[in-house]
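# Structural features, examined
Listed here are the chains, written in short residue letters.
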Amino acid sequence: MDQEYFDKLAQTVIDGDSEECVRLVKDGIQQRMNPLDAIEKGLARGIMKVGDDFGTGVVFLPELIMAADVMKKGTELLDEQIALSGLKRQALGKMVIGTVKGDIHDIGKSVVASVLQANGFDVNDIGIDVAVEDFISTVKETKANVLGMSALLTLPLQVMGEVINAMKNQGLREEVKVIVGGCPVTEEFADEIGADAVGFDASDAVKKVRRLLGHD
Ligand code: B1M
């Protein structure tokens, strides 16, 4: 698919036009485009523009919500394609992923979960607004060897550190690797709270998790 296609896809998010978004995504799927390209080069660029305009007061919450709904409809269709591409692979590791307590942003986290799954990891996505004790109990129950935490808001970032401390207190930290991500998360912050890695996008998350588990 060419740049014009990705620009049109981005525009559907900006315009809040879910019908056109779904039409374009289905068209792209039929033409065997790379689904991650459609998310990163198309839909995500649209939502970033709306997010920037929201930050500067050019658009308001209702427009942001509409744009997010369009993005979600598009990513759901694309996530299905991403999942299909990884169906036959053997699990490279067991992972739990969620967005931390106080934060309900789920689009980026879900994209990361789908791409990791498609790349051979067994991923348990426990959703949004996840409390410290729920991360810990799911890691224990599923015997995961990687925990992924996402946050887009600045304030709930501290929950990531609380989860890592709880893991230490419960003797889980040695055996479970931790990766964090989301737009406010930096290398410095990850070091400060004692995470093993930070993922800047879905492909980077795959690269880092592979490395953490010794696959590269
Ligand atoms: Co919100 N929001 N939002 N929002 N929103 C931001 C984050 C914001 C930066 C917008 C702005 O002001 N410019 C701002 C945060 C400011 C701050 O704290 N510093 C903000 C705000 C303020 C809010 C509310 C408080 C607004 C309000 O109510 N007044 C509210 C928060 C409610 C809450 O959480 N308690 C709110 C609500 C919403 C919507 C519900 C409308 C909607 C979310 C819908 C949904 O998720 N279902 C929404 C959206 C869409 C955004 C923006 C515009 C876009 C987020 C997104 O989906 N990006 C966002 C602006 C921005 O990010 N610049 C914004 C696309 C997605 C593919 O990228 O999520 O970054 P992203 O994920 C990437 C990477 O970050 C990385 O890989 C992903 C794929 O490339 N990654 C990981 C993410 N997690 C990872 C984990 C990993 C590894 C990589 O390992 C575990």
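## Some details on the pattern of salt bridges
- Under the counting rule described, the total for this entry stands at 13 salt bridges.
- One salt bridge connects Lys8 with Glu4, and the closest N-O pair in it is separated by 3.7 Å. On the criterion of helical spacing, the pair formed by Lys8 and Glu4 is a turn pair, its members being four residues apart in helix α1 (residues 3–15).
- As a salt-bridge pair, Asp129 and Lys101 come within 3.8 Å of each other at their nearest N and O atoms. Separated by 28 residues along the polypeptide, Asp129 in the loop between β2 (122–125) and α6 (132–142) and Lys101 in the loop between β1 (94–99) and α5 (107–118) bring together distant segments of the chain.
- Of the residues examined, Asp129 reaches a relative accessible area of 34% and is grouped as partly exposed.
- Connected via shared salt-bridge partners are Lys72, Glu76 and Asp106.

## So, unusual backbone geometry
- Of note, Arg32 is a non-glycine position whose phi angle comes to about 60°, a positive value.
- Non-glycine residue Asp129 carries a positive phi angle of around 55°.

## Looking at the domain arrangement of the protein chain
- By the assigned domains, the protein chain splits into domain 1 (3–85) and domain 2 (94–212).
- When each unit is reduced to the centre of its C-alpha atoms, the spacing between domain 1 and domain 2 is 24 Å.
- Contacts between the two partners involve 10 residues from domain 1 and, on the opposite side, 10 residues from domain 2.
- Between domain 1 and domain 2, a total of about 790 Å² is buried, with carbon and sulfur atoms accounting for 67% of that surface.
- Among the residues domain 1 hides against domain 2, the three largest losses belong to Leu36, Asp79 and Ile82. Together they make up 43% of the total.

## Re the coordination of the cobalt atom of the ligand
- Of the protein atoms, His105 (NE2) alone serves as a donor to the cobalt atom of the ligand, at 2.2 Å.
- Topologically, His105 is positioned in the loop between β1 and α5.

## Some thoughts on the environment of Leu9
- Residue position: Leu9 is located in helix α1.
- Separated by 65 residues in sequence, Leu9 and Gly74 place their C-alpha atoms 9.2 Å apart.
- With residues up to four places along the chain from it excluded, the contact list for Leu9 reads Cys21, Leu24, Val25, Ala38, Gly42 and Leu43.

## Thoughts on the sheet that holds strand β4 (residues 177–181)
- Ordered by their spatial adjacency, five strands build an open sheet running β2-β1-β3-β4-β5, and the pairing between neighbours is parallel. Looking at which strands have only one partner, the edges of the open sheet turn out to be β2 and β5 (197–199). Sheet twist, expressed as the average angle between the axes of neighbouring strands with direction ignored, equals 25°.
- Across five bridges, the pairing between strand β3 (residues 146–150) and β4 is parallel. In the sheet register, Leu147 faces β4, and the bridge partner there is Val178.
- Along the sheet, α6 contacts β1, β2 and β3; its crossing angle with β1, the most-contacted strand, is approximately 165°.

## Re the site of the ligand
- Surveying the vicinity of the ligand reveals 37 residues, the closest of which are Ile104, His105, Asp106, Ser150 and Thr154.
- Ile104 is positioned with one of its backbone polar atoms (N or O) 2.8 Å from an oxygen atom of the ligand.
- Listing elements by their share of the shell around the ligand, those giving two or more residues are α3 (35–55), α4 (61–85), α5, β3, β4 and α9 (202–212).
- Here the residues of the shell around the ligand sort into 21 nonpolar, 11 polar and five charged.
- Domain assignment of the residues forming the shell around the ligand places at least three in each of domain 1 (3–85) and domain 2 (94–212).

## What about the pairing of β4?
- Burial runs high along β4: four of the five residues are buried.
- A crossover connection joins β3 to the parallel β4 through helix α7 (residues 157–169); in handedness this β-α-β unit is right-handed.
- Where the polypeptide runs from β4 across helix α8 (residues 187–193) and back to β5, its parallel neighbour, the crossover connection is right-handed.

## Observations regarding the nonpolar core
- The biggest cluster of nonpolar side chains holds 41 residues, and the ones touching the most others in it are Met71, Met95, Leu116 and Ile179.
- Lining this core are residues from two domains, each supplying at least three of them: domain 1 (3–85) and domain 2 (94–212).

Criteria and cut-off values
- Residues numbered from 1 in each chain as written.
- Predicted model: local features only at pLDDT ≥ 70, side-chain atom pairs only at ≥ 80, totals over all residues.
- Heavy atoms only, no water.
- Salt bridge = Lys/Arg side-chain N within 4 Å of Asp/Glu carboxyl O.
- Helix = DSSP H or I, 4+ residues; strand = E, 2+ residues; numbered from the N terminus.
- Buried < 20%, exposed > 50% of the residue type's maximum accessible area, 1.4 Å probe, protein only.
- Domains from an automatic or database assignment.
- Contact = heavy atoms within 4.5 Å.
- Buried area = accessible area lost by both parts, 1.4 Å probe.
- Donors = N, O, S within 2.8 Å, 3.2 Å for Na, K, Ca; no water.
- Pairing = 2+ DSSP bridges.
- Axes fitted to C-alpha atoms, helices over the stretch in contact; angles between N-to-C directions.
- Near = heavy atom within 4 Å.
- Polar contact = N/O pair within 3.5 Å; in protein donor to acceptor, adjacent residues only side chain to side chain.
- Nonpolar A, V, L, I, M, F, W, Y, C, P; charged D, E, K, R; others polar.
- Right-handed = clockwise from strand over helix to strand, strands pointing away.
- Core = buried A, V, L, I, M, F, W, Y, C linked by side-chain atoms within 4.5 Å.

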